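# Examination of the molecular architecture
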Amino acid sequence: MRHRLLILSLLFVLIPVAQAAEQLRVAGSTTVLPIVAEAAKYFRQQHPGLSLTVSGGGSGVGVANIDRGLIEIGMASRDLTATEKQRFQGKVKQVAIARDAVAVAVSKAVYEAGVTQLSLAQIAAIYRGEIKNWQQVGGPDSRILVIDKEASRGTRHVFARAVLGSERARAPGATIITGSNNEEQTVIANSDKAIGMLSHAWLNDAVRAVAVGEAGAAVLPTLATVADGSYPIQRQLNLLLPQRGGKMSIAFVGFLLSAQGQQIVQQVGYLPVH
Amino acid sequence: MNRSQISKIIIVGLALPALLLPGVCLAYILFKGLPALSWSFLFSATEGLGFGATSGVLAQLLGSLLLALLASLVATPFALGTALYYRLLASKRQQALLAGLLNMLQSIPPVVFGLFGLIVFVHLLQWGVSLLSGAIILAMVILPMLVLNSIASLERIPGQYTEAAQSLGLHHGAVIGRVWLVQAWPGILTGQLLGVARALSETAPILFTATVFSGVVWPESIFSPVTTLQTHIFYLAQEGSNPQVIQVAWGSAVVLLGLVAAFALLARYLANRYENPQHLGAER
Amino acid sequence: MLKFWLTFSSLTTAIIILAVLGFLLQASWPLMQSQGLSFVTGTEWYPYEQLYGMLPVLVGSFWSIVLALLLAVPTGLAAAILCAELLPERGRAALRFSMELMAGIPSVVYGLLGLWLLLPLLESQFDLLTGRSLLAAGLLLALMILPTIMVFSESALRAVVTEQRETALLLGLDWPTRLLRLLLPQAWPGIRVAILLALGRAMGETVAVMLVVGSMDRLPQPLYNLLQPAQTLTSRVGREMAEAVVGSVHWAALISSGLALALVAMLLSLLTQRWRS
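Small disclaimer: the values here were computed from a predicted structure and weren't measured.

All right, on to the packing of aromatic side chains then. Residue and element names in this part refer to chain A. Here the structure, examined in full by the defined rule, presents 12 aromatic pairs over all chains. Centre to centre, the rings of Phe43 and Phe252 are 4.9 Å apart; their planes meet at 65°, and the pair counts as edge-to-face. Note that Phe43 is positioned in helix α2 (residues 33-46) and Phe252 in helix α10 (residues 247-257), a separation of 209 residues in sequence. Residue Phe252 is classed as buried on the basis of its relative accessible area, which comes to 0%.

In structure tokens form, the structure reads like this:
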């Protein structure tokens, strides 16, 4: 008993009770997460005394937590909405660090059966529940597993605005709701009849992007089509920080916008802003 | 075949899942997770690209242990105090009331304490998502079981010990210190160990109140967030897609299971060793 | 000093209960204010449009719990009978140990099992678009509450006094009759307590359910369709808590789910204690 208490109090002593001097907490969009996580590795090496934590949760979490003062930097894969801008007036600023396409992703089996292009109207009809079978869009005879995202997710805002007309539009055709890019990617990869919305950096052999647009004029999501603006569902990836951010937050954002930071952006698979 | 045999067969048939599933679950977890284990998996800290595919779980291991031990440290004085009050000062009615309240506290789902902690510790007291918030929330989760365990082990002390001590003119403090704690410590310690095991297995209450995904190996202060095995498994399970990441999730599950089992088995060993109260005192 | 410590600690239990109820009630007040009590029967949950209907999650929680109990009670009870009445001492110890082991597996690990073992199995067995469903949640919960039911029922069965068993044996009653007429009725008060405890556990389980239920805020169609993705009280809290704005109606709505859980759990606990005494 006594020994144990001794050991426990020793442990306790090892953790200072005071607030850490330099703390930088980043949370939010899982689309932005890979950039920040990678950049954090380098930034920690440059600033050894700094405690820099990174966690996901989605753009909604980034926005809500910067509002609550729980984090120093928020990540959002969408622009702030009108209401949010109003609330944050003069308090929070938004800094774009990369550009990205929201791909309309389908399972490999669907892609290989011939669904390589969908018009915005067709995608909308699928999400509204008007098209329920892949056959109706030139695919195999199987039901469609329609993956929607949690309403607060940045990817969903961007997708819903481009496809359904409003960032808050409902998707009555949805079969299942997922959260992060990874979660959605997993569901699409494990299924042979799924369609979903996904940052294009998450595409792989099992998760294929269809070209978006009318037949003949459809555009694939690539860095080039994002750069020239021809791909219709694209967005900025943003960091949110208080108007009077701390020294370290500003330095970190500066690092991301530097040549080295922008190179990381490219490595992870997004389009640099500079 | 007679009625008796048929009914026995039915019982066995119905019970079959209970006979098979524990083994199946454990075997599947070990089958998936053991290949991931290695020295570097256990003793290196995660620093991977966002989703920790290639790295170890040292940080998570430390975080889980810290949270659970700290929770037990916070809860112990209150648990012991409550148990002693129950045995020493409480009237019959107070005992009944206290037992009722303890049962009630125990019945509240852990996630509710998470919500409470989010409101009070994280926001109201401005502790943020931190080790401290999580430890106190977990302390609340394990408090009733610690109390009930301590009461049970105090009750196992033979009455004549107490009477003898009291007839020697010892006051309350001395009775507690020289007789009760000497006699009951293995039982109380068993309860503590089980409490730590329980705190190690809770995920929901610390998900928004104490943990982040990555970036912490050893928390800078009690106001810093930690990473834990539980939440690590959760994030990887939910978000991991490539096989390597899933492998890390299963590996972490085996580590967590091993940790819980270690505390539970230690508790069991203590309980068995000191089961007979007559032998107590002599050990120390 | 000593007295003060003891008295103060003994009050912590009551203080915690009151504080939890008080703060949750206060935090869920904005919901009551803006929606009255109509949110209980609302069928649509869409925070952006200020719709906070609770019916879909209530139905989801109800089905997942009922399903878990329907599966776990017969199995757990049968295992308890087997353990208490039929097995020799060594087999009994082994079964009890395996149940303790099962109870010791953390819920997030059950979630992992559900995600990677159960879902693919369901998808192939029922030819589903996705295995994420109330059925998956119910099956997983059944697994998690099985030990509770088994262990408590077994103690109840073993507590039935030997004298009565011997009398029944002398009367020449055969085993099934003794089981149905004597053992189960005598042990019933203990068994129903076991069921209530399991129900409480199933109701509050969060992470495992959250991983397999599909998070679809929609009433099952038809209402008894268990093969569709759905949402439960706890899984919604787990999904959305981090992103709700503090003090908003959305936040209040999520907190009120927690409050509802706490209240029901405490009612169950009161009932358990009445049945016990």
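Turning our attention to the pattern of salt bridges. In total, this model carries 25 salt bridges over all chains according to the counting rule given. Its salt-bridge partner being Glu150(A), residue Arg153(A) comes within 3.1 Å of it at the nearest N-O pair. In this structure, Arg153(A) and Glu150(A) share a single accessibility class: buried. The shortest N-O distance in the salt bridge between Arg239(C) and Glu183(A) comes to 2.8 Å. Taken together, the residues Arg239(C) in helix α9 (residues 233-240) and Glu183(A) in helix α8 (residues 181-190) connect one chain to another. In this structure, Arg239(C) and Glu183(A) share a single accessibility class: buried. Among the ionic contacts, a cluster of salt bridges with common partners joins Glu150(A), Arg153(A), Glu183(A), Arg132(C) and Arg239(C).

Bringing the packing of helix α3 (residues 58-88) of chain B against helix α4 (residues 92-107) of chain B into the picture now. Residues and elements named next belong to chain B. Two elements in contact, α3 and α4, have axes whose closest approach is 9 Å; the angle formed by their N-to-C orientations is 150°. Accordingly, the angle class assigned to the pair α3 and α4 is roughly antiparallel. The residues of α4 that touch α3, namely those facing Thr82, Tyr85 and Tyr86, are Gln94, Gln95 and Leu98. Split by residue class, the contact of α3 with α4 holds 3 nonpolar, 3 polar and no charged.

Let us look at the interface of chain B and chain C. By a frequent convention, interface size equals the accessible area lost on bringing the separate parts together. Between chain B and chain C, the residue contacts involve 69 residues of the former and 74 residues of the latter. Carbon and sulfur atoms make up 84% of the surface buried where chain B meets chain C, a total of about 6,200 Å² over both sides. Between chain B and chain C we count 2 salt bridges in total. Measuring nitrogen to oxygen at the nearest pair gives 3.0 Å for the salt bridge that ties Asp174(C) to Arg3(B). Contributions of two or more residues to the side of chain B that touches chain C are made by α1 (3-33), α3, α4, α5 (110-124), α6 (131-155), α8 (172-201), α9 (229-239) and α10 (243-273) of chain B. Counting residues per element, the side of chain B that touches chain C draws most heavily on α1(B), at 17 residues.

Here we come to α1(B). Residues and elements named next belong to chain B. Look at α1: 46 Å from first C-alpha to last across 31 residues, which is about the 45 Å you get at 1.5 Å a residue. The set of residues buried in α1 consists of Ser4, Ser7, Ile11, Ala15, Ala18, Pro22, Cys25, Tyr28, Ile29 and Gly33. Of the residues that open α1, the one with a side-chain oxygen 3.1 Å from the backbone nitrogen of Ser4 is Asn2.

Glancing now at the environment of Ala103(A). All names here are of chain A. For Ala103, the location among the structural elements is in strand β4 (residues 92-107). In this structure Ala103 comes out as buried when scored by relative accessible area, which is 0%. Separated by 119 residues in the primary sequence, Ala103 and Thr222 have C-alpha atoms spaced 9.1 Å apart. Residues contacting Ala103, with those up to four places away along its chain left out, are Gly196, Met197, Leu198, His200, Leu203, Ala209, Pro221 and Tyr231.

What follows deals with the domain arrangement of chain A. Residues and elements named next belong to chain A. Taken domain by domain, chain A consists of domain 1 (22-99 + 237-272) and domain 2 (101-227). Computed over C-alpha atoms, the centres of domain 1 and domain 2 are 27 Å apart. In this complex, domain 1 contributes 16 residues to the contact, which on the side of domain 2 involves 17 residues. Taking both partners together, domain 1 and domain 2 bury about 1,300 Å²; carbon and sulfur atoms supply 54% of that area. If you sort the residues of domain 1 by the area they bury against domain 2, Thr30, Arg78 and Leu271 come out on top, with a joint share of 32%. At the surface where domain 1 touches domain 2, the tally comes to 0 salt bridges. Counting every contact that joins domain 1 to domain 2 gives 5 residue pairs in polar contact (both at pLDDT 80 or more). Within the side of domain 1 that touches domain 2, the residues separate by chemical class into 4 nonpolar, 10 polar and 2 charged.

Below, the discussion takes up the side chain of Ser28(C). All names here are of chain C. If you trace the backbone, Ser28 turns up in helix α1 (residues 2-35). Owing to a relative accessible area of 0%, Ser28 belongs among the buried residues under this scheme. Ignoring any residue separated from it by four or fewer positions in sequence, one finds Ser28 in contact with Ala252, Ile255, Ser256 and Leu259.

To continue, consider unusual backbone geometry. All names here are of chain C. For the bond from Gln221 to Pro222, the omega torsion is -15°, close enough to zero to count as cis. Mapping Pro222 onto the fold places it in the loop between α8 (207-212) and α9. Positive phi values are uncommon outside glycine, yet Gln50 reaches one of about 55°. With respect to the secondary-structure elements, Gln50 resides in the loop between β1 (45-46) and β2 (51-52). Note on Gln50: relative accessible area 44%, which makes it partly exposed.

It is worth spelling out the environment of Ser107(B) at this point. If you trace the backbone, Ser107(B) turns up in helix α4. The spatial distance from the C-alpha of Ser107(B) to the C-alpha of Val179(B) is 33 Å, given a sequence separation of 72 residues. When near neighbours in sequence (up to four residues on either side) are disregarded, Ser107(B) contacts Ala265(C), Met266(C) and Ser269(C).

The subject of this paragraph is the pairing of strand β11 (residues 234-242) of chain A. All names here are of chain A. When strand β3 (residues 73-76) meets β11, the two strands line up antiparallel, connected through 3 bridges. Across the sheet, Gly74 pairs through a bridge with Leu240, a residue of β11. Note that β4 and β11 share 9 bridges and pair antiparallel. From the neighbouring strand, Lys93 faces β11, where its bridge partner is Leu241.

The rules behind the values
- Here the residue index of a chain counts from 1 through its sequence in written order.
- Chains and ligands are labelled by the order in which they are written, letters from A for the one and numbers from 1 for the other.
- In keeping with the predicted nature of the model, local features appear solely for residues at pLDDT of at least 70, side-chain atom pairs appear and are counted solely at 80 or more, and the whole-chain, interface and lining totals rest on all residues.
- Only hydrogens and water are set aside; all other atoms, that is, all heavy atoms of the structure, feed into the side-chain values.
- Put simply, two rings from Phe, Tyr or Trp (the six-membered ring, in Trp's case) pair if the centres are within 6.5 Å, and we call them stacked under 30 degrees between planes, edge-to-face over 60, tilted for the rest.
- For helices the rule is a DSSP run of H or I covering at least 4 residues; for strands it is a run of E covering at least 2, with both sets numbered from the N terminus onward.
- Only protein chains enter the accessibility calculation, which uses a 1.4 Å probe; a residue whose area is less than 20% of its type maximum is buried, one above 50% is exposed, and one in between is partly exposed.
- When a carboxyl oxygen of Asp or Glu lies within 4 Å of a side-chain nitrogen of Lys or Arg, that pair is called a salt bridge.
- Only the contacting stretch of a helix is used when fitting its axis, a line to C-alpha atoms as for every element, and angles between N-to-C directions run 0 to 180 degrees.
- Should an angle fall under 35 degrees it is taken as roughly parallel, and over 145 as roughly antiparallel, whereas 65 to 115 is taken as roughly perpendicular and any remaining angle as oblique.
- Note on contacts: a residue pair qualifies if any of its non-hydrogen atoms lie within 4.5 Å across the two residues.
- Each residue is assigned to one of three groups, with Ala, Val, Leu, Ile, Met, Phe, Trp, Tyr, Cys and Pro labelled nonpolar, Asp, Glu, Lys and Arg labelled charged, and all others, Gly among them, labelled polar.
- When two parts are brought into contact, each loses some accessible area as probed by a 1.4 Å sphere; the total of that loss over both is the buried area.
- An expected span of 1.5 Å times one less than the residue number is assigned to each helix.
- We define a polar contact as two N or O atoms separated by no more than 3.5 Å, with the added condition that, inside protein, one atom must be a possible hydrogen donor and the other a possible acceptor, whereas residues neighbouring each other in sequence contribute only through side-chain atom pairs.
- Domain extents, as shown, originate in an automatic or database domain assignment.
- Strand pairing is defined by DSSP finding a minimum of two bridges between the two strands.

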